[in-house]
Amino acid sequence: MSDLPVLQPESPQAQAMYEVFMQVVWISAAIFFIVTGLIVIAIIRGRKRTELPKQDFGNHRREIFWMVGPVLVVLWLLAISTKLILTMNAVPKVHPPRDAKADEELTVVAHQWWWEIIYNGSGITSANEIHIPTNKQIRVKLRSADVVHCFWVPQLARKMDVIPGRDNYIWLEAAKPGVYQGLCSEYCGTQHAWMNFKVYAHSPEEYEAWLTDQSAQPSDSASADAAAGKQLFFSYTCVNCHTIRGTEATASIGPDLTNIALRKELGGGVLENSPENLARWLKNPQEFKPGSKMPDFNLTDKQVKQLVAYLDSLK
Ligand code: CUA
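So, here's what we can say about the structure.

The rules we used
- Residues numbered from 1 in each chain as written.
- Predicted model: local features only at pLDDT ≥ 70, side-chain atom pairs only at ≥ 80, totals over all residues.
- Heavy atoms only, no water.
- Helix = DSSP H or I, 4+ residues; strand = E, 2+ residues; numbered from the N terminus.
- Rg over C-alpha atoms; globule rule 2.2 N^0.38 Å.
- Buried < 20%, exposed > 50% of the residue type's maximum accessible area, 1.4 Å probe, protein only.
- Areas by Shrake-Rupley, 256 points an atom, 1.4 Å probe, with all protein chains shown as cover.
- Lys, Arg positive; Asp, Glu negative; His and termini not counted.
- Charge placed at Lys NZ, Arg CZ, Asp CG, Glu CD.
- Polar contact = N/O pair within 3.5 Å; in protein donor to acceptor, adjacent residues only side chain to side chain.
- Contact = heavy atoms within 4.5 Å.
- Pairing = 2+ DSSP bridges.
- Axes fitted to C-alpha atoms, helices over the stretch in contact; angles between N-to-C directions.
- Salt bridge = Lys/Arg side-chain N within 4 Å of Asp/Glu carboxyl O.
- Parallel < 35°, antiparallel > 145°, perpendicular 65-115°, else oblique.
- Left-handed = near helix turned anticlockwise from the far one by under 90°.
- Nonpolar A, V, L, I, M, F, W, Y, C, P; charged D, E, K, R; others polar.
- Phe/Tyr/Trp six-rings, centres within 6.5 Å; stacked < 30°, edge-to-face > 60°.
- Lys NZ or Arg CZ within 6 Å of the ring centre and 35° of its normal.
- Patch = residues over 30% accessible without salt bridge, like charges linked within 9 Å, V, L, I, M, F, W, Y side chains within 5 Å.

A word on the overall build of the protein chain
So, step 1. Scanning the protein chain from terminus to terminus reveals 7 helices and 12 strands.
So, step 2. Over its C-alpha trace the protein chain gives a radius of gyration of 27 Å, far above what one expects of a compact globule, namely 20 Å for 315 residues.
So, step 3. Referenced to the eigenvectors of the C-alpha coordinate spread, the extents of the protein chain come out at roughly 95 × 45 × 35 Å.
So, step 4. Of all 315 residues assigned to the protein chain, the portion counted as buried reaches 42%.
So, step 5. Element-wise, carbon and sulfur atoms account for 61% of the exposed surface of the protein chain, whose accessible area totals about 17,500 Å².
So, step 6. Distance from the positive charge centre (31 side chains) to the negative charge centre (32 side chains) of the protein chain: 9 Å.

This is how it looks when you write it as structure tokens:
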């Protein structure tokens, strides 16, 4: 992640936040320059003085000005921040819910150190990628599987802590299609820095197409390597931690791997998703993400090749 566009809002929520931030910056800058300016003038004017200037007591108009002025400034800052907080905390109605039982459209579960993304009512679960349609408020429920994390997409929304045993809500809305960087912004262990995700905002039509692609059951590849890789996946240890929808792999310690070949990144953003990088990851995940729950299984090159062939067929 090279840069984080904190001051380039792309949603009404982020725009409102940006405007309040800039107002605070300008008001603070004005006070700073007025005060330091007066001090500098006093220093220059008084630099040759040898005795105290005439003291000025009991000027009520000035005293009232010095008291009321700052109070008004502080009250103004309080008012604009409170208004902003109230707008941002509003949890929008879900329109229309895909599943009557689901009162939010996305559930995001933070894990050390990756994000599980559950598209409620559609059966789709993914990792480290959030796909949303543009110009629609998406209500997101945030939960933690372990420790305190913090969910942050600077261009789209405020930060929201993710706390074990408590559901927090936030909403995401993107004004135009694009890819928005997200990250964990609360120190949560050694790989906190590699707990990234991306929000992909699509036009409504593209979003529907994406949903259809993801809902489809991944097809079984015909290649011999893929078949051997599949056998390895289910006979070896992979099945103990991962889910592949429609198979007997249903564990949820690691990311859901249904349609993994359609994802753009691996390991919470540590590697781009390509067959070569997937092989490097399987060979030794600890090299890229020391401390992650995915151990080094000392797989042979042949086993890695077969697993990559199988995983790469999941799309
Ligand atoms: Cu999760 Cu920092």
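Re the side chain of glutamine 181
So, step 1. Topologically, glutamine 181 is positioned in strand β9 (residues 178-184).
So, step 2. Here phenylalanine 197 takes part through its backbone oxygen, which lies 3.2 Å from a polar atom of the side chain of glutamine 181.

Quick notes on the environment of asparagine 240
So, step 1. Structurally, asparagine 240 is set in the loop between α4 (224-235) and β11 (265-266).
So, step 2. Assessed through its relative accessible area of 48%, asparagine 240 is described here as partly exposed.
So, step 3. Sequence separation of asparagine 240 and glutamate 208 is 32 residues, and the distance between their C-alpha atoms is 32 Å.
So, step 4. Once you skip the residues sitting within four places of it in the chain, asparagine 240 turns out to touch Ala251 and Ile253.

Quick word on the sheet that holds strand β3 (residues 124-127)
Sheet strands pair via backbone hydrogen bonds, and the direction of the pair is either parallel or antiparallel.
So, step 1. As summarised here, the arrangement of the 5 strands in space is β3-β2-β1-β5-β8, forming an open sheet in which the pairing is mixed. Among the strands making up the open sheet, the edge pair consists of β3 and β8 (168-172). Each strand axis lies, on average, 25 degrees off the axis of its neighbour in the sheet, ignoring direction.

Observations concerning the pattern of salt bridges
So, step 1. By the definition in use, this model includes 8 salt bridges.
So, step 2. Between lysine 283 and aspartate 301 there is a salt bridge; the shortest N-O distance is 2.8 Å. Separated by 18 residues along the polypeptide, lysine 283 in helix α5 (residues 275-283) and aspartate 301 in helix α7 (residues 301-312) bring together distant segments of the chain.
So, step 3. We classify lysine 283 as partly exposed; its relative accessible area is 35%.
So, step 4. What emerges from the salt-bridge pattern is a single network uniting Lys141, Arg143 and Asp167.

Side note on the packing of α5 against α7
So, step 1. Here α5 crosses α7 at 130 degrees, and the two axes come no closer than 9 Å. By the angle between their directions, the pair α5 and α7 is classed as oblique. Considering the relative orientation of α5 and α7, their crossing is right-handed. On the side of α5, the interface is formed by Pro275, Leu278, Ala279, Leu282 and Lys283, while α7 contributes Asp301, Val304, Leu307, Val308, Leu311 and Asp312.
So, step 2. For the contact of α5 with α7, a count of residues per class yields 8 nonpolar, no polar and 3 charged.

Quick notes on the packing of aromatic side chains
So, step 1. Applying the stated criterion to the full structure yields 10 aromatic pairs.
So, step 2. Ring geometry for tryptophan 115 and phenylalanine 151: centres 5.6 Å apart, planes at 80 degrees, overall edge-to-face. With tryptophan 115 in strand β2 (residues 114-119) and phenylalanine 151 in strand β6 (residues 149-152), this residue pair connects regions lying 36 residues apart in the sequence.
So, step 3. The class of phenylalanine 151 is buried, set by a relative accessible area of 1%.
So, step 4. It is lysine 159 that lies over the ring of tryptophan 152; its NZ or CZ is 4.5 Å from the centre.
So, step 5. Its end group placed over the ring of tyrosine 200, lysine 264 keeps NZ or CZ at 5.0 Å from the ring centre.

Side note on the sheet that holds β6
So, step 1. Spatially, β4-β10-β9-β6-β7 is the arrangement adopted by the 5 strands of the open sheet, whose pairing is mixed. On the outer flanks of this sheet lie β4 (129-133) and β7 (160-162), each paired with one strand and no other. With strand direction ignored, the average angle separating the axes of adjacent strands in the sheet is 25 degrees.

Description of a nonpolar patch on the surface
So, step 1. A surface patch of nonpolar side chains, amounting to about 640 Å² of accessible area, comprises Ile31, Ile34, Val35, Leu38, Ile39, Ile41 and Ile43.
So, step 2. With respect to the helices, strands and loops of the structure, leucine 38 is situated in helix α1 (residues 12-46).

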